[in-house]
Amino acid sequence: MKDANDILRERGPAALVAMVDNAKPAAEIAPPKTWIEFLSPSQLRDFHPPEGWNLVGDYHLQRETVVVIGGAPGIGKSRALVSLANAGAQGAGAEWFGLPVHRQFRTMIVQAENGRVRLQRDFDRIDTGRLDEFLRVCPPPPYGIRFDQREFVDQLKAGISEFQPDVIAFDPWNAVAAEDKQKDYLAAFESIRSALPTGDDRPAMVIVAHTRKPSSQERASGAGLLATLAGSYVLGSVPRAAFVMQRATNETTDDRVVWTCCKNNDGEMGARSAWRRGNGLFVPAGDFDWQAFDNPEGKGKREIDEDLMEAAFNGEGITRKELVDRLKSRDFGKSAAYEAIKRFEDHIDDTGGILKWT
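Residues numbered from 1 in each chain as written. Predicted model: local features only at pLDDT ≥ 70, side-chain atom pairs only at ≥ 80, totals over all residues. Heavy atoms only, no water.

Concerning the pairing of strand E14 (residues 348-351)
Quick reminder of the rule: Note: two strands are recorded as paired if DSSP finds a minimum of 2 bridges between them. Strands are runs of DSSP state E lasting at least 2 residues, helices are runs of H or I lasting at least 4, and numbering of each runs from the N terminus.
With four bridges connecting them, E14 and strand E15 (residues 354-357) associate as antiparallel partners. Residue pairing in the sheet places Ile348 in a bridge with Trp357 of E15. Between the end of E14 and the start of E15, which pair antiparallel, lie two residues, with Gly352 showing a positive phi angle near 60°.

Looking at the side chain of Thr211
For clarity, the cut-off: The cut-offs for exposure are 20% and 50% of the maximum accessible area for each residue type, with area from a 1.4 Å probe on protein chains only; residues under the lower value are buried, those over the upper are exposed, and the others partly exposed. Nitrogen and oxygen atoms within 3.5 Å of one another constitute a polar contact, given that in protein one can donate a hydrogen and the other can accept it, and given that sequence-neighbouring residues count only through two side-chain atoms. Any two residues whose heavy atoms approach within 4.5 Å at even a single point are treated as in contact.
Along the chain, Thr211 falls in the loop between strand E9 (204-210) and helix H9 (234-237). Take Thr211: its relative accessible area is 15%, and that puts it in the buried class. At 3.3 Å, the side chain of Thr211 and the backbone nitrogen of Ala72 are in polar contact. Once you skip the residues sitting within four places of it in the chain, Thr211 turns out to touch Gly70, Gly71, Ala72, Thr228, Leu229, Ala230 and Val244.

Brief notes about the sheet that holds strand E8 (residues 167-171)
Heads up, the condition is: To define axes, lines are fitted to C-alpha atoms, for helices over the stretch in contact only, and angles between the resulting N-to-C directions are given on a 0 to 180 degree scale.
With mixed pairing, nine strands are arranged side by side in an open sheet as E7-E6-E8-E9-E3-E10-E11-E12-E13. Both edges of this open sheet fall to strand E7 (135-138) and strand E13 (283-284), since each of them pairs with a single strand only. As paired elements, strand E12 (residues 273-276) and E13 share two bridges and run antiparallel to each other. What sits directly across from Trp275, in E13, is Pro284. This element, helix H7 (residues 150-163), spans strand E6 (107-111), E7 and E8 of the sheet and lies at about 160° to E6. Against the sheet, helix H8 (residues 182-195) makes contact with strand E3 (66-71), E8 and E9, and its axis sits at roughly 145° relative to E9, the strand it touches most.

Considering the pairing of E9
Consecutive side chains along a regular strand alternate between the two faces of the sheet. Test applied: Seen with the strands pointing away from the viewer, any crossover whose path from the first strand over the helix to the second strand runs clockwise is right-handed.
Summarising burial for E9: six of the seven residues are buried, a large majority. Sheet analysis places E3 next to E9, joined by six bridges and oriented parallel. Within E9, the residue paired with Val68 across the bridge is Ile207. Looking at chain direction, E8 and E9 are connected through four bridges and run parallel. Paired with Ala169 across the strands is Val206, a residue of E9. Handedness of the crossover joining E8 and E9 through H8: right-handed.

Quick word on the packing of aromatic side chains
Put simply, the rule reads: Working definition: rings of Phe, Tyr and Trp (its six-membered ring) pair if their centres are within 6.5 Å, and the pair is stacked with planes under 30 degrees apart, edge-to-face with planes over 60 apart, and tilted otherwise.
Overall, the coordinates contain 16 aromatic pairs when judged by the stated rule. Seen from their ring centres, Trp96 and Phe97 are 5.5 Å apart, and the 70° between their planes marks the pair as edge-to-face. Among the residues examined, Trp96 registers a relative accessible area of 2% and is labelled buried. Note on Phe97: relative accessible area 7%, which makes it buried. Seen in terms of ring centroids, Phe344 and Trp357 are 6.1 Å apart; in terms of plane orientation they differ by 65°. Their pairing is edge-to-face.

Things to note about the nonpolar core
Heads up, the condition is: Put simply, buried Ala, Val, Leu, Ile, Met, Phe, Trp, Tyr and Cys residues joined by side-chain atoms within 4.5 Å make one nonpolar core.
Membership of the largest hydrophobic core comes to 40 residues, with the highest contact counts inside it found for Val56, Leu61, Trp96, Val206 and Trp259. Examining the composition of this core, we find that seven residues originate from one element, helix H4 (residues 77-90), more than from any other. Once you skip the residues sitting within four places of it in the chain, Val56 turns out to touch Leu61, Leu84, Trp96, Leu99, Pro100, Val101, His102 and Phe105. Ranked by size, the runner-up nonpolar core spans 33 residues in total, among them Ile145, Val153, Ala177 and Ile192.

Some points on the pattern of salt bridges
In plain terms, the rule: Between Lys or Arg on one side and Asp or Glu on the other, a salt bridge is scored when a side-chain nitrogen of the former is within 4 Å of a carboxyl oxygen of the latter.
This model, assessed by the stated rule, comprises 16 salt bridges. A salt bridge links Arg45 to Asp46; the nearest nitrogen and oxygen atoms lie 3.0 Å apart. Arg45 sits in the exposed class, given a relative accessible area of 60%. Looking at Asp46, the relative accessible area reads 44%, which means it is partly exposed. A salt bridge links Asp148 to Arg146, with the nearest nitrogen and oxygen atoms 2.8 Å apart.

Side note on the packing of helix H12 (residues 320-328) against helix H13 (residues 334-343)
Condition: When describing relative orientation, an angle under 35 degrees is termed roughly parallel and one over 145 degrees roughly antiparallel, while 65 to 115 degrees is termed roughly perpendicular and anything else oblique. The sense of a crossing depends on the near helix, which, turned anticlockwise from the far helix by less than a right angle, makes the crossing left-handed and, turned clockwise, makes it right-handed. Only Asp, Glu, Lys and Arg are considered charged in this grouping, and only Ala, Val, Leu, Ile, Met, Phe, Trp, Tyr, Cys and Pro are considered nonpolar; every other residue, Gly among them, is considered polar.
With their axes 9 Å apart at the nearest point, H12 and H13 run at an angle of 125° to one another. Taken together, the axes of H12 and H13 lie oblique to each other. At the point where H12 passes H13, the crossing takes the right-handed sense. Taken together, the residues of H13 that come into contact with H12 (itself represented by Arg320, Leu323, Val324, Leu327 and Lys328) are Lys334, Ala337, Tyr338 and Ile341. Among the residues forming the contact of H12 with H13, the class breakdown is six nonpolar, no polar and three charged.

Comments concerning a nonpolar patch on the surface
Defined as follows: To count toward a patch, a residue needs a relative accessible area over 30% and no salt bridge; like charges are then connected within 9 Å, while nonpolar side chains (Val, Leu, Ile, Met, Phe, Trp, Tyr) are connected within 5 Å. Only the protein chains shown count as covering a residue, and every accessible area follows the Shrake-Rupley method with a 1.4 Å probe.
On the surface, Trp35, Ile36 and Phe38 cluster together into a nonpolar patch covering about 500 Å² of accessible area. Following the sequence through the fold, Ile36 ends up in the loop between helix H2 (13-23) and helix H3 (41-45). The exposed category is assigned to Ile36, whose relative accessible area is 60%.

Here's the deal with the environment of Ala80
Within the element layout of this structure, Ala80 appears in helix H4. Its relative accessible area of 0% is what places Ala80 among the buried residues. In this view, Ala80 contacts Trp96, Phe97, Met245, Trp259 and Phe282; residues no more than four positions away in its chain are not counted.

Set out below in structure tokens:
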């Protein structure tokens, strides 16, 4: 009877592998992978996401997809992750930066920046009773976030298997992908995906990333914020949704931030909002001066002058509300619009509630 060496010499390695595979019990043979499938328009129309798939907002955060949170160093991105976990622990009825939470979910944070002292101070200000069941955070791994090391990947998989998170976050991205090249970013995403469960058990993945330093004359806003993410364009193209945090001002004592969804491929982005870093998490900032934020000092603060007022009237008779709306459409705040109306009242004829520029 021929042994393995005889088969290897006569028929090559492929024959030996085939012989070994054929000798395996059926239960040990892995089913073939599905590399690609095609669906008809009717099948796509009739698709319904599994129950509990959408976690937050209008599919801003959903299982199996990637989300990015970007912002300058020290602005509160890590705190935004804890805020997300806290909202997930509360479940339906809670909100995360104004977005509704649809069900309870578990969050796991893999982070490499904040040591135990900083983590203790952060969680000392939060009610951790409910969070204990719904959140796990790792102190910085002693050798870094090393997807190139089998031991790290195995221990991460074990932690995921034990806790079974619905959301897993990696903070910061440059600890996962040390280089900014496209191939390095794509390889980093693939390494993470390979460590996660598959199918309906795959959690949502949140990436925390830095934004590049803007020029002194730059104030990006809306969808334009996506271009401020530092590094390869892959960081903006792979995620289904992306958020960017901006400081309200450059004052060191100002704890307010502006939160903007600059990408949401599966739903509406929604309006930007202002928040204050309070109570260990975030609270609404209240009456926020958007005009001052959009036109910071040093950028040449815009003012509603006579030419703008005349252009807003466009030779027509309009109501006060219509005038305010036209000025707001030019990126001025409501208070600035009313202030301008009062300032130029000598040029405005008010006849029965219809205003005309004179």
